[in-house]
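Each chain, written out:
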Amino acid sequence: MAEIRVTHLHKAFGDFVAVKDSSFTVADGEFFVMLGPSGCGKTTTLRMIAGLELPTSGSIHLGGEDVSMKRASERDIAFVFQLFALYPHMTVRGNIAYPLKNQGVPRVEAKRRVEETARILRILDLLDRGVGGLSSGDRQRVALGRAIVRDPLAFLMDEPLGALDTEMREVMIHELRALHDRLSATTIYVTHDQHEAMAMADKIAVMNRGLIEQFDTPQEIYDNPATLFVADFIGSPSMNLLRFHGAGRRGATTMTVGGNEIAIPPLGADLKETSLVLGVRPEHIRLLDEGGLRARTLGAEYLGTQQIVTLETGFGTVRARVPSDRAVARGETLGLDFRAERVSLFDAASGARIPTGQAAEVVHG
Amino acid sequence: MAEIALAGLTRRFGDTVAVDDLTLTVGDGEFVVLLGPTGAGKTTTLRLVAGIERPDAGKLRIDGRDMTAASPAERDVTFVFQQYSLYPHLSVYDNLAFPLRSPARRVPEAEIRSRVQEVADLLRIGSKLQNRATRLSGGEMQRVAIGRALVRRPSVYLMDEPLSSLDAKLRSELRLELKRIQQDLGATLIYVTHDQVEAMTMATRIGVMNRGRLAQFGTPREIYEDPQDVYVATRLGTPRINLVPMGTLEVGAAPASAAWMGLRTEHIEIRPAGSGAANATVTRVEHLGDQSHLHLDLAGQALVTLVNPHAPLSRGDRVALGARNPLFFDAAGRRAAA
């Protein structure tokens, strides 16, 4: 297993820049996810690491060795694609053993490794079955087996769960992460699904239009999004974004939003009057009968112990996640109170996060 | 608008009983969701109400009238399918106007125009009216398909997983929209899905289906808080309810017939190991952003519960788990009476 270091990676297709000056390091044994909408450059980045595309400029180091211009077959990595391409006429054993046969691994050794792989994936009992009658989950396991059996330096996965239904995807998310915990293999995983990314990753790079917008742990990306794009992309429902004009002094702990005083974490620097966006997650909003930012309820969605309440404010629609025992009537006017230490501020024009003082982490059960 | 009453409705395909003696009344203006996995019989039920399938036994009444043998056209119902079926050669406008232009309806052009515009605005496809239907994204096509049902204003709407082909963000927007539209129209709606979030957020009542039978019928809150059996209990709630044998955790009074304990997050107390005897180990903390899934090992039983994302817990930590008013089930999986 190995560290993967990507430095100033750039890829242009004619006039179109697919990946812009991308730099990041995936530590040995890390589960790293590249997350973004289609066309953001995540798959192109993955294909360059695999050697299926050559970079326009920049370099890729795999376990300390510069592999930027090496062929895919010369890089010791295994690629798992979205569509599990299995050989339909072969058994599970034949499919998993195939890469070893190609490498000329001795039969006894190959048999041992295939069975070890099947044991890790818990499909030992399926080894001598044909792949035709397998469930989609088991087919996915066989496809993974074919990658694992090679014992490569790193695994690259391109939306491997994209073809599965919700329930099966949930099962495979847990299996993939548990598998990673057993193998501790360096893994780069590409997806557009924020839930997969949050649930599995040690580190996430959120990509948009060829650029890495943020590279951090899942919780940090969720708590402190670096840009408006990240704030909007991560979270379900996504972060509420209220647009307003405002200014503030360094250390200020309130902002005037359309005549309402709203508490914020202390401003890191003086802020001249400009177009701003205030970001607050649905779970950091409290509903008040009186006071607060006034809003009219459009509807409530029951989710068991919690509910999502959608409200209309003078700054657009806001969604709040509150306990479901609070009765909410459609059309009723309420006040919104934001948890100050969890409020984010962004510059509306650049989309960049405006630095605010880190409030002490509040921990409760 | 209308009430729909199903009485002993049964439909067989060869040896398979797709819908088995189904009795259920959908009130006027109600939003009823039929929830269940593939093969539970929910789509067949919907097709029986629409008149696309005929029952082998039982009766169907709409607005008090026996419709068991009526043709689909006589029922004044409209059906939105999972797969959008638009006229590819027509514009979005003409697709939406199509149901109103039927000779039987004779809606004046001016009224057609205003209704199409209203529905298009509602579904946020107002700027696409002149596009050819085939030049739309999947999400837009599905909204046109829903729009075509809305524009007719029938007495009953039937929808079969209409949001399943849309991406998560659009789906969550349309959930709220659909609910609002249904309330504004006062329409009677039967909606089929396997997505528990859609069921919980939109339904006035949920019919949980299992192998052709109605397992339970009630408000989302009743189904969530008071499930009649293990099957229903596992249908709602994320993470899924944890089922552990009695005796795994100490509880106060429990019914004599209880064999299993059902534990949702709100039924589990977690204390740091220091404050009590540790009985479980953290196997994994899965970050979801707003909350985290805490995976636990309790004497060989795997449990999943929600915790605050900033809770100071990590893999390998020992914790003390307690149960608080769990749900009890008997050996057969039925809710054990207190």
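Residues numbered from 1 in each chain as written. Chains lettered and ligands numbered in written order. Predicted model: local features only at pLDDT ≥ 70, side-chain atom pairs only at ≥ 80, totals over all residues.

(A) Expanded view of the overall build of chain A. Scanning chain A from terminus to terminus reveals 8 helices and 20 strands. Along the first, second and third principal axes, the C-alpha atoms of chain A reach 75 × 45 × 35 Å. For chain A, the proportion of contacts with a sequence separation of at least 24, taken over those separated by at least 6, is 63%. (Helix = DSSP H or I, 4+ residues; strand = E, 2+ residues; numbered from the N terminus. Contact = placed C-beta atoms within 7 Å.)

(B) Focus on the overall build of chain B. What chain B contains, in helices and strands, is 8 helices and 18 strands. Dimensions of chain B, computed from the C-alpha atoms along their principal axes, are close to 75 × 45 × 35 Å. Among the 338 residues that make up chain B, the fraction classed as buried is 41%. If you take every contact in chain B between residues at least 6 apart in sequence, the share linking residues at least 24 apart comes to 64%. (Buried ≥ 20, exposed ≤ 12 C-beta atoms within 10 Å, placed from the backbone.)

(C) Broad picture of the interface of chain A and chain B. In this assembly, 24 residues from chain A lie in contact with 26 residues from chain B. Only α6 (194-200), α7 (218-223) and β16 (293-303) of chain A provide two or more residues apiece to the side of chain A that touches chain B. The element that contributes the greatest number of residues to the side of chain A that touches chain B is β16 of chain A, accounting for 4 residues. Taken together, the residues of the side of chain A that touches chain B break down into 10 nonpolar, 9 polar and 5 charged. (Nonpolar A, V, L, I, M, F, W, Y, C, P; charged D, E, K, R; others polar.)

(D) Broad picture of the nonpolar core. If you look at the biggest cluster of nonpolar residues, it comprises 185 residues, and the most contacted ones within it are Ala-154, Ile-188 and Leu-278 of chain A. Ranked by residue count, the leading element in this core is helix α4 (residues 138-150) of chain B, at 6 residues. In this structure Ile-188 of chain A touches Ile-4, Val-26, Phe-32, Met-34, Leu-46, Ile-49, Ala-154 and Leu-156 of chain A, once residues within four positions along its chain are discounted. (Core = buried A, V, L, I, M, F, W, Y, C linked by C-beta atoms within 7 Å.)

(E) Focus on the confidence of the model for chain B. Chain-level statistics for chain B give a pLDDT mean of 91 and a share of 99% at 70 or above. We note a pTM of 0.83 for the whole complex and an ipTM of 0.80 for its interfaces. (pLDDT = per-residue confidence, 0-100.)

(F) Region of the structure containing the sheet that holds strand β2 (residues 16-26) of chain A. Residue and element names in this part refer to chain A. If you trace the 4 strands from one edge of the open sheet to the other, you get β2-β1-β4-β5, paired in antiparallel fashion. With partners counted over all chains shown, the strands left at the sheet margins are β2 and β5 (65-66), one partner each. In this sheet, β2 lies alongside strand β1 (residues 4-13) in antiparallel orientation, the contact comprising 7 bridges. Following the sheet pairing, Val-6 is matched in β2 by Phe-24. The sheet strands contacting helix α1 (residues 42-50) are β1, β2 and β4 (57-62), and the helix crosses β1 at an angle near 115°. (Pairing = 2+ DSSP bridges. Axes fitted to C-alpha atoms, helices over the stretch in contact; angles between N-to-C directions.)

(G) Quick peek at the pairing of strand β8 (residues 188-193) of chain B. Residue and element names in this part refer to chain B. Burial runs high along β8: 6 of the 6 residues are buried. Because side chains alternate across β8, one face comprises the buried residues Thr-188, Ile-190 and Val-192, and the other comprises Leu-189, Tyr-191 and Thr-193, equally buried. Where strand β7 (residues 156-160) lies against β8, 5 bridges are found, and the strand directions are parallel. In the strand pairing of β8, Leu-158 is matched with Ile-190.

(H) Quick peek at unusual backbone geometry. Cis geometry is adopted by the peptide bond preceding Pro-237 of chain A, which originates at Ser-236 of chain A and carries an omega value of -5°. Structurally, Pro-237 of chain A can be placed in the loop between α8 (228-233) and β11 (240-248). Cis geometry marks the peptide bond from Thr-238 of chain B to Pro-239 of chain B, where omega comes out at -5°. One non-glycine residue, Asp-76 of chain B, lies in positive phi territory at about 55°. Examined against the element boundaries, Asp-76 of chain B turns out to sit in the loop between β5 (65-66) and β6 (77-80). According to the C-beta neighbour criterion, Asp-76 of chain B is partly exposed, with 16 such atoms within 10 Å.

(I) Summary view of the packing of helix α2 (residues 92-103) of chain A against helix α4 (residues 136-148) of chain A. Residues and elements named next belong to chain A. Two elements in contact, α2 and α4, have axes whose closest approach is 7 Å; the angle formed by their N-to-C orientations is 30°. In terms of orientation, α2 and α4 fall into the roughly parallel class. For the crossing formed where α2 meets α4, the hand is right-handed. On α4, the residues that touch Val-92, Asn-95, Ile-96, Tyr-98 and Pro-99 of α2 are Val-142, Gly-145 and Arg-146. Its residues assigned to classes, the contact of α2 with α4 shows 5 nonpolar, 2 polar and 1 charged. (Parallel < 35°, antiparallel > 145°, perpendicular 65-115°, else oblique. Left-handed = near helix turned anticlockwise from the far one by under 90°.)

(J) Fine view of the sheet that holds strand β15 (residues 292-298) of chain B. All names here are of chain B. The sheet built from 5 strands is open, its strands ordered β13-β17-β14-β15-β16 with antiparallel pairing. Each edge of the open sheet is held by one strand with a lone partner, namely β13 (268-272) and β16 (301-307). Mean inter-strand twist for the sheet, computed between neighbouring axes without regard to direction, equals 40°.

(K) Expanded view of helix α3 (residues 109-122) of chain B. Residues and elements named next belong to chain B. The terminal C-alpha atoms of α3 lie 20 Å apart, and with 14 residues this matches the ideal 20 Å at 1.5 Å per residue to within 8%. Of all the positions in α3, only Val-116, Val-119 and Ala-120 are classed as buried. One side of α3 holds all its buried residues, which, seen down the axis, span an arc of 100°. Those residues of α3 that are exposed and angled more than 90 degrees off the buried face are Ala-110, Glu-111, Ser-114 and Asp-121. (Expected span 1.5 Å × (residues − 1). Arc of directions from axis to C-beta.)

(L) The packing of helix α3 (residues 107-121) of chain A against α4 of chain A, seen in detail. Residue and element names in this part refer to chain A. Two elements in contact, α3 and α4, have axes whose closest approach is 10 Å; the angle formed by their N-to-C orientations is 135°. Relative to α4, the element α3 lies oblique. Like other packed secondary-structure pairs, α3 and α4 cross with a definite hand, here right-handed. On α4, the residues that touch Thr-117, Ala-118, Ile-120 and Leu-121 of α3 are Arg-141, Leu-144, Gly-145 and Ile-148. When the residues that make up the contact of α3 with α4 are grouped by side-chain class, the tally is 5 nonpolar, 2 polar and 1 charged.

(M) Structural detail: the environment of Ala-295 of chain A. Residues and elements named next belong to chain A. Among the secondary structure elements, Ala-295 is positioned in strand β16. Judged by C-beta crowding, with 23 C-beta atoms within 10 Å, Ala-295 ranks as buried. With 21 residues separating them along the chain, Ala-295 and Gly-316 place their C-alpha atoms 9.8 Å apart. Ignoring anything within four residues of it in the chain, the contact list for Ala-295 reads Leu-311, Glu-312, Thr-313, Val-318, Leu-334 and Leu-336.

(N) Fine view of the environment of Pro-309 of chain B. Checked against the element boundaries, Pro-309 of chain B lands in the loop between β16 and β17 (318-323). Linking Pro-309 of chain B and Asp-290 of chain B, residues 19 residues apart in sequence, is a C-alpha distance of 6.6 Å. Contacts of Pro-309 of chain B, omitting those with residues within four sequence positions, involve Gln-219 of chain A together with His-287, Gly-289, Asp-290, Gln-291 and Ser-292 of chain B.

(O) Fine view of the confidence of the model for chain A. The pLDDT averaged across chain A works out to 91; a share of 97% of its residues lies at or above 70. Here residues 359-365 of chain A is modelled with pLDDT under 50, and outside its nearest four sequence neighbours on either side it reaches 14 contacts, counting other chains as well.

(P) Structural context of the pairing of strand β10 (residues 211-216) of chain A. Residues and elements named next belong to chain A. Sheet analysis places strand β9 (residues 203-208) next to β10, joined by 5 bridges and oriented antiparallel. Bridging across to β10, Asn-208 finds its partner in Leu-211. From the end of β9 to the start of β10, which pair antiparallel, there are 2 residues, and Arg-209 there has a positive phi angle of about 50°.

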